[in-house]
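Topology and contacts: notes
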Amino acid sequence: MKFSINRTQFIKTLNDVQRAISAKTTIPILTGLKLVLSQEGLTLTGSDADISIEATLATTDEKNQLTVEEPGAIVLPARFFSEIAKKLPEDQMTIAVGDNFQTTIRSGKSEFTINGLDANSYPHLPEIADQNPFSIATDVLKQLIRQTVIAVSNQESRPILTGVHLVLNSGEMLAVATDSHRLAQRKLTVSVPSDVNYDVIIPGKSLIELSRTLADGDETVEIRIAENQVLFKAGNLAFYSRLLEGNYPDTARLIPTSSSTQIEFNAPVLLAAIERASLLSHESRNNVVRLTLNTADNTAIIYGNSPDVGNVEETLQFENLTGEDLEISFNPDYMKDALRSFGQTAIMINFTAALRPFTLVPSEDQEHYIQLITPVRTF
């Protein structure tokens, strides 16, 4: 195996693939990067058994400056190889595999020799048939991920909650995540045949890495779903993830259908106020802030307190307040995550009672996106 390639293009692709490679794995060869060279191009593969990423640098793309001298395959130690590639002196690099998988990396007057492994020992990627694939705009998918993964659980005691529940039914996609303290739900309309239905749970960690890997230049992402795997294809990149097994809890019943108090805020303004209040609440053992709404006085006041440091009180700016008076306490970190997901927009917060979950929705589009937060009992 021997080829030369533009180092900048190679490192860019290497960085994407390396997201799937973990130093902590029970399968030693997965700490390596697999390279497969053919006359069509160079394919890089990285995997940690949960996530696998494959990317191809085509010989037809002039930016790659890829010259194939001898096709072949090799697995190289990812960490060392990545550091070497990034430190080489020239724009072009040449890689040649000799006897016993010894691999020589040259650039300018610099030459490294490292020990490789037999590519035939590398686990095969799952084969996912192309039946019933569907596509989503890249920016929409990245937004959906950003808005839902904030609510996935980090607790392995309930593995099913570490994923995002994705349901595709009659052209509508529903994405839901909850850690039992908060919930995020996003709806999308997807162009698929009406008989294509899916109900899967994708690990939150996989979706976070997918979002980081997707390039802004890719217009759409093709999604294929199999029995225990999902494949996302965008441009020259293929991203595989295992699916979580089990039944996701029925979250529809958690979302209130009515409210007794409604208040409208500008999301960035409320976020800034919550951040100020949490400066002191973070010093407290229970990390709670309190919100008091008084409809007679038309006031909204937030309080943060730490017995060791002091307290903070701020009268909030808001657009509109209706309904009953209310005093409610909540974790400010959950509220900050929720508010950041809305971006620069107006939001409506709907309360039912001091100890009942409350919801946040965009004022302009209350059907397609909702955040739910469970309050904290402080007495």
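Here the structure is a predicted model, which is why all the values come from computation and not from measurement.

Moving on to the packing of aromatic side chains. Per the stated rule, a full pass over the model turns up 7 aromatic pairs. Members of the aromatic cluster, connected to one another through ring pairs, are Phe-330, Phe-351 and Phe-358. In this structure, Arg-79 packs its charged tip against the face of Phe-80, placed 4.8 Å from the ring centre. Here Arg-290 stacks its cationic end above the ring of Tyr-303, 4.2 Å away from the centre of that ring.

Our next topic: the layout of surface pockets. Of the voids in this model, the largest pocket is the one considered here, and its volume is about 450 Å³. Forming the boundary of the largest pocket are 19 residues, of which Glu-156, Pro-203, Gly-204, Lys-205 and Ser-206 lie nearest the centre. For the lining of the largest pocket, the leading source of residues is helix H4 (residues 204-213), giving 5 residues. Per-class residue counts for the lining of the largest pocket are 7 nonpolar, 5 polar and 7 charged. Both domain 1 (2-121) and domain 2 (134-242) contribute no fewer than three residues apiece to the lining of the largest pocket.

Let us look at the sheet that holds strand E13 (residues 182-189). Strand order in this open sheet of 9 strands is E14-E11-E12-E13-E26-E25-E24-E18-E22, and the pairing throughout is antiparallel. Since the sheet does not close on itself, it has two edges, and those belong to strand E14 (198-203) and strand E22 (320-323), each with one partner. Looking at each pair of strands side by side, their axes are set apart by 15° on average, direction ignored. Strand direction decides the pairing type here: strand E24 (residues 346-351) and strand E25 (residues 358-362), joined by 4 bridges, are antiparallel.

Here we come to the nonpolar core. If you look at the biggest cluster of nonpolar residues, it comprises 66 residues, and the most contacted ones within it are Phe-10, Leu-42, Phe-134 and Phe-232. Three or more residues apiece are contributed to this core by two domains, here domain 1 (2-121) and domain 2 (134-242). Dropping the residues within four chain positions of it, Phe-134 is found in contact with Leu-168, Met-173, Val-190, Val-192, Tyr-198, Val-221, Glu-222, Ile-223 and Ile-225. Listed in part, the 31 residues of the second largest apolar core include Ala-267, Ala-273, Leu-321 and Ala-338.

Position of Ile-347 among the secondary structure elements: in strand E24. The class for Ile-347 is buried, based on a relative accessible area of 0%. Note: C-alpha distance between Ile-347 and Leu-174 (173 residues apart in sequence) is 21 Å. When neighbours within four sequence positions are excluded, Ile-347 is seen to be in contact with Ile-263, Glu-264, Phe-265, Ala-267, Leu-270, Leu-339, Phe-342, Leu-360, Val-361, Pro-362 and Ser-363.

Right, let's talk about the UniProt feature "domain: DNA polymerase III beta sliding clamp central" (unreviewed entry) in the protein for a bit. In the numbering used here, UniProt assigns the "domain: DNA polymerase III beta sliding clamp central" (unreviewed entry) feature to residues 136-250. Here residues 136-250 is 18% helix and 42% strand, with 25 Å between the C-alpha atoms at its ends.

Okay, the pairing of strand E2 (residues 32-37) next. Most of E2 sits inside the fold, with 5 of its 6 residues counted as buried. Summarising the sheet, E2 and strand E6 (residues 72-77) pair through 6 bridges and their orientation is antiparallel. Residue pairing across strands places Leu-35 opposite Ile-74, the latter belonging to E6. Bridging between E2 and strand E3 (residues 41-47) involves 4 bridges; their strand directions are antiparallel.

Cut-offs and rules
Residues numbered from 1 in each chain as written. Predicted model: local features only at pLDDT ≥ 70, side-chain atom pairs only at ≥ 80, totals over all residues. Heavy atoms only, no water. Phe/Tyr/Trp six-rings, centres within 6.5 Å; stacked < 30°, edge-to-face > 60°. Lys NZ or Arg CZ within 6 Å of the ring centre and 35° of its normal. 1 Å grid on protein atoms, 1.4 Å probe; cavity = no way out; pocket = protein on both sides within 12 Å on 5 of 7 lines; lining within 4 Å. Points joined across faces, edges and corners; volume = space filled by probe spheres on them. Helix = DSSP H or I, 4+ residues; strand = E, 2+ residues; numbered from the N terminus. Nonpolar A, V, L, I, M, F, W, Y, C, P; charged D, E, K, R; others polar. Domains from an automatic or database assignment. Pairing = 2+ DSSP bridges. Axes fitted to C-alpha atoms, helices over the stretch in contact; angles between N-to-C directions. Core = buried A, V, L, I, M, F, W, Y, C linked by side-chain atoms within 4.5 Å. Buried < 20%, exposed > 50% of the residue type's maximum accessible area, 1.4 Å probe, protein only. Contact = heavy atoms within 4.5 Å. UniProt positions renumbered as here; feature names shortened; annotations may be inferred.

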